[in-house]
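# Observations on the model geometry
Listed below, chain by chain, are the residues.
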Amino acid sequence: MSLFKSVFLAGLVGFGTVGLANADPVTFATAAGEQTLKAVPDRVVALDVSAMDTLAALGVTPVGVVSPTYVSYLPEDVAGATPVGTFFEPDMERIAALGPDVIAVGARALAMADALGRIAPVADMSVGTDAYADGLARLRGYGQMLGLEDRAEALAQGLEEKAAALRARIEATGGTALILMTNGPKLSVFGAQSRFGWLHTELGFAPAVEGITENRHGEAVSFEYLAEANPDWLLVVDRAAAIAAATGDSGDGARATLDTPLLAKAEFSRKGQVIYLSPAELYIASGGATSLARTMDEISAALDAAATQ
């Protein structure tokens, strides 16, 4: 069960089918602006893992979802949904057969929006560069779409309180951080304006390096670069581990990749200040309500562990 679902389980009693009693038009916020549907949707197809994450946090199970889910905590929450392809290649026939009232897409499926629009209205619920702010916006948007504004706002406020508490703790501790993605032996770093930048901008980790080239794949670097940057904290995202559920081959793990004599001498290694973040949450379910909470909890636990060394 997702991190938040149990919080609202009692509230689902008597809720029944979403929107069954509401035949009035509903307007909600999307990544592309406001959108209006004829009524609160009963049958939602989610072609995005972040969408599945947030819908599950709201206690809503879509009729159709992408597969694999990648994220370990989602399969139980979407067990009753029909697989409708991947987020890169949705199965149009299966989606049409489900008779959805709305199809929620993310950035990966957005290119198919026109074709999907022949089946049902398409809502662009993409999470962009600012995963934290966009994630909160999408959460509130789903609340508007599904008539669950109060539930969505409670989740959003919980995330904001968690982020504020963690930011105060990080700023009080001080120190710099560098966000690193490994992909087997390949290394790339990400800055404050990247897809992982909310770790800097929202949580208060000061960037160890300014001017990192910003693109979806980060800036390729070497072990020498990491040693020279010498951040107080190294925040690691293992891309190979994130996609292992789909490929069955994770290749070299981040811990093995970073196990070098050069990095062993770095201050972040000696102080035990390397945080291995759950990659599927941060990389694939980016901006999902539960993924945001889990990432912040991981960082908080890592700060606790480092403080005891």
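### Some details on the confidence of the model for the chain
Mean pLDDT over the chain: 89, with 90% of residues reaching 70 or higher. Counting interchain partners and residues more than four positions distant, the pLDDT-below-50 stretch residues 1-22 has 40 contacts.

### Here we look at the pairing of strand 12 (residues 233-238)
The element strand 12 is largely enclosed, with a buried count of six among its six residues. Burial of the side chains of strand 12 extends over both faces: Trp233, Leu235 and Val237 are buried on one face and Leu234, Val236 and Asp238 on the other. Sheet topology note: the strand 12/strand 13 (residues 274-277) ladder contains four bridges and is parallel. The residue of strand 13 that forms the bridge with Leu234 is Val274.

### Side note on the nonpolar core
Across soluble globular proteins, nonpolar side chains show a tendency to be buried alongside one another. Ranked by internal contacts, the top residues of the largest apolar core, which has 84 residues, are Leu47, Leu199 and Ile299. If you tally residues by element for this core, the top one is helix 13 (residues 289-307), at eight residues. In this structure Ile299 touches Leu166, Ile170, Leu199, Leu203, Phe205, Ile275 and Leu277, once residues within four positions along its chain are discounted.

### Focus: the sheet that holds strand 4 (residues 64-65)
Read from one edge to the other, the open sheet built from five strands follows the order 5-4-3-6-7, with strand pairing classed as parallel. Among the strands making up the open sheet, the edge pair consists of strand 5 (82-83) and strand 7 (122-124). The pairing of strand 3 (residues 44-47) with strand 4 spans two bridges and is classified as parallel. Bridge pairing links Ala46 to Val65 in strand 4.

### Details of the packing of aromatic side chains
Applying the stated criterion across every chain yields a total of five aromatic pairs. With centroids separated by 5.0 Å and ring planes inclined at 80 degrees, the aromatic side chains of Phe87 and Phe88 adopt a geometry described as edge-to-face. With a relative accessible area of 5%, Phe87 lands in the buried category. Since its relative accessible area comes to 53%, Phe88 is described here as exposed. Between Phe190 and Phe196, the ring centres sit 4.9 Å apart and the planes meet at 70 degrees, which makes this aromatic pair edge-to-face. Each member of the pair, Phe190 together with Phe196, is buried. Feature note: the residues Tyr70, Phe87 and Phe88 constitute an aromatic cluster, connected by ring pairs. Arg108 extends its terminal NZ or CZ atom over the ring of Phe87, reaching a point 4.8 Å from the ring centre. One residue, Arg255, lies across the ring of Tyr276, its end atom 4.0 Å from the ring centre.

### Some thoughts on the side chain of Asp124
Within the secondary structure, Asp124 sits in strand 7. There is no salt bridge for the buried Asp124, and the closest opposite charge comes from Arg138, which lies 6.8 Å off by N-O distance. Apart from residues no more than four positions distant in its own chain, Asp124 is found in contact with Thr30, Ala31, Ala32, Gln35, Val105 and Leu110.

Calculation rules
Residues numbered from 1 in each chain as written. Predicted model: local features only at pLDDT ≥ 70, side-chain atom pairs only at ≥ 80, totals over all residues. Heavy atoms only, no water. pLDDT = per-residue confidence, 0-100. Contact = heavy atoms within 4.5 Å. Buried < 20%, exposed > 50% of the residue type's maximum accessible area, 1.4 Å probe, protein only. Helix = DSSP H or I, 4+ residues; strand = E, 2+ residues; numbered from the N terminus. Pairing = 2+ DSSP bridges. Core = buried A, V, L, I, M, F, W, Y, C linked by side-chain atoms within 4.5 Å. Phe/Tyr/Trp six-rings, centres within 6.5 Å; stacked < 30°, edge-to-face > 60°. Lys NZ or Arg CZ within 6 Å of the ring centre and 35° of its normal. Lys, Arg positive; Asp, Glu negative; His and termini not counted. Salt bridge = Lys/Arg side-chain N within 4 Å of Asp/Glu carboxyl O.

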